[in-house]
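Chains, contacts and geometry: an overview
In case you want the letters, here they are:
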Amino acid sequence: MTTAHDHRRLGRELNLFDTDPLIGAGLPYWLPDGAAVRHTLEEYIRAAERRAGYQHVYSPVIGKRELYEISGHWGHYSDDMFPPMDIGGEQVVLRPSLCPHHAVIYRSRSRSYRELPLRMAELGGMYRSELSGVLGGLTRVRAIQLNDAHIFCTLDQVAEEAQAALEMIRRTYEALGITAARYRLSLPGPGGKYVAAPEKWQRSTALLTDVLDRSGLPYEAAQGEAAFYGPKIDVQVTDGAGRESTLSTVQVDFHQPEQFDLRYIGADGAKHRPVMVHRSIIGSVERTVAHLIEQHGGAFPAWLAPCQLVILPVSGTELPNAEALAARCADLGLRAEIAGPERGSLGARIRAARLVPYQAVIGAEEAADNLVALRLRDGRRLGPQPVSTVLTHISTLIKAHSTQLWDSAPRS
Ligand SMILES: [Zn+2]
């Protein structure tokens, strides 16, 4: 694909990410501007999860083969896994998902019904042995950073948790300025890819169908798209070439709680089996950033932009004012950059910064009165404004994760 907004071309042009044959196919590295976008996105997700009552954990990106034999990945998913490594007579595997680690963390303590729903989240690495022929950019990679979470809960709590996850997805898409192409109820298909437990599939499918029906969202059911352990609600997006991929997902799993013998002590004092809800708000960080690059043509919402404010002193005389403004931006946590006269004429510098949301021009008159002549990425010129007014307004919009550059009063 070579559309105008191919994320691979833009990723290189905008210095976001790149690859090197020496590191390997499907193993991109992130340059400072791409890392700024990724870091901001990850922090947005972590903050949203903290507000929603999730607890974050870290777990290793490898585990013993036995872990994945118990989870079922080894039996149902090994085609997508890297071959095991032999270490001291033990076989260790790069993990194909985070669920087994989280299940083990859950069962590391005795759990009471009072702790449920227990929402465990991690932005963690996982690995997929994609064939080199299909690798490219950030969409098909072998090393994936996944926005993952597992909610351990009672059967009665599943619907509410799944509903809340859908609402988190909706709010996140709004902040990212992206839209879902469609919602898909992903069901198993024929063949041996899926665990054989008809009664569990029926119950989990009924639960997710009910959640979708009550949400009022239009959706389509698709055979052969489920996880091996259970059905999913998948949120699909399309790229510039019309190709569809899954960004977000909500899944119900009765299988792994049983495989790992997960328990909680109920109000009756007896042991009960929790259900696992797997959910991801933005899926893999790589795929989401690829989608954002293509969707916005590199003109990210201001809160995500690698450089949020470019400071343009007309001549060397205004450089001290530019530096003072850059320092104030740094204090406020805004990503600002000075593009001084050594980079060419003012017109050329403005054109070079065309993807930066805010451009603050400082000429002799502005410098004398502590003003900046503000231009917006969309071409609007707001004229001379007090520096404090500009910084307060921009900070407020960015803090609210607004997709507006200036106009609407941001929601807190
Ligand atoms: Zn999972």
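Everything quoted here is computed from the prediction, not taken from an experiment.

When cut into domains, the chain gives domain 1 (3-296) and domain 2 (309-399). For domain 1 and domain 2, the distance between their C-alpha centroids amounts to 40 Å.

The subject of this paragraph is the sheet that holds strand E8 (residues 143-153). On the basis of which strands lie adjacent, the open sheet formed by eight strands has the order E3-E7-E8-E15-E12-E11-E9-E10 and mixed pairing. The open sheet has two edge strands, strand E3 (55-56) and strand E10 (219-223), and neither has a second partner. Pairing of strand E9 (residues 182-187) with E10, which is carried by five bridges, proceeds in the parallel orientation. When the sheet's bridge partners are listed, tyrosine 183 is paired in E10 with tyrosine 219. Docked against the sheet, helix H2 (residues 32-51) engages E3, strand E7 (118-127), E8 and strand E15 (275-280), running at close to 0° with respect to E8.

Formed by 76 residues in total, the largest nonpolar core has its most connected members in Leu309, Leu325 and Tyr358. Tallying contributions element by element places helix H6 (residues 158-176) first for this core, with ten residues. Both domains that furnish three or more residues to this core are identified here as domain 1 (3-296) and domain 2 (309-399). Setting aside chain neighbours within four positions, we find leucine 325 in contact with Ile311, Ala360, Ile362, Val372, Val387 and Leu391. In terms of nonpolar packing, the next biggest core, distinct from the first, is built from 22 residues, Leu67, Phe152, Phe228 and Tyr229 among them.

To continue, consider the packing of H6 against helix H7 (residues 198-215). Between H6 and H7, the shortest axis-to-axis distance is 10 Å and the interhelical angle comes to 50°. Here H6 is positioned oblique relative to H7, judged by the angle of their axes. In this structure, the crossing between H6 and H7 has a hand that is right-handed. Within the contact between the two elements, H6 uses Val158, Ala159, Ala162, Gln163 and Leu166 and H7 uses Leu207, Val211, Arg214 and Ser215. Residue composition of the contact of H6 with H7, grouped by class: six nonpolar, two polar and one charged.

This part covers H7. An ideal rise of 1.5 Å per residue puts 26 Å on 18 residues; H7 measures up with 26 Å between its terminal C-alpha atoms. Where H7 is concerned, the buried positions are Lys200, Trp201, Ser204, Thr205, Leu207, Leu208, Val211 and Leu212. Buried positions in H7, seen along its axis, are confined to an arc of 155° and lie on one side of it. H7 presents Pro198, Gln202 and Arg214 as exposed residues on the side facing more than 90 degrees away from its buried surface. If you follow the buried residues of H7, they end up packed against H6, E9, E10, strand E11 (232-238), strand E12 (244-253) and helix H8 (255-259). Downstream of H7 by one or two residues, glycine 216 has phi in the positive range, about 75°.

About the criteria used
Residues numbered from 1 in each chain as written. Predicted model: local features only at pLDDT ≥ 70, side-chain atom pairs only at ≥ 80, totals over all residues. Heavy atoms only, no water. Domains from an automatic or database assignment. Pairing = 2+ DSSP bridges. Helix = DSSP H or I, 4+ residues; strand = E, 2+ residues; numbered from the N terminus. Contact = heavy atoms within 4.5 Å. Axes fitted to C-alpha atoms, helices over the stretch in contact; angles between N-to-C directions. Core = buried A, V, L, I, M, F, W, Y, C linked by side-chain atoms within 4.5 Å. Buried < 20%, exposed > 50% of the residue type's maximum accessible area, 1.4 Å probe, protein only. Parallel < 35°, antiparallel > 145°, perpendicular 65-115°, else oblique. Left-handed = near helix turned anticlockwise from the far one by under 90°. Nonpolar A, V, L, I, M, F, W, Y, C, P; charged D, E, K, R; others polar. Expected span 1.5 Å × (residues − 1). Arc of directions from axis to C-beta.

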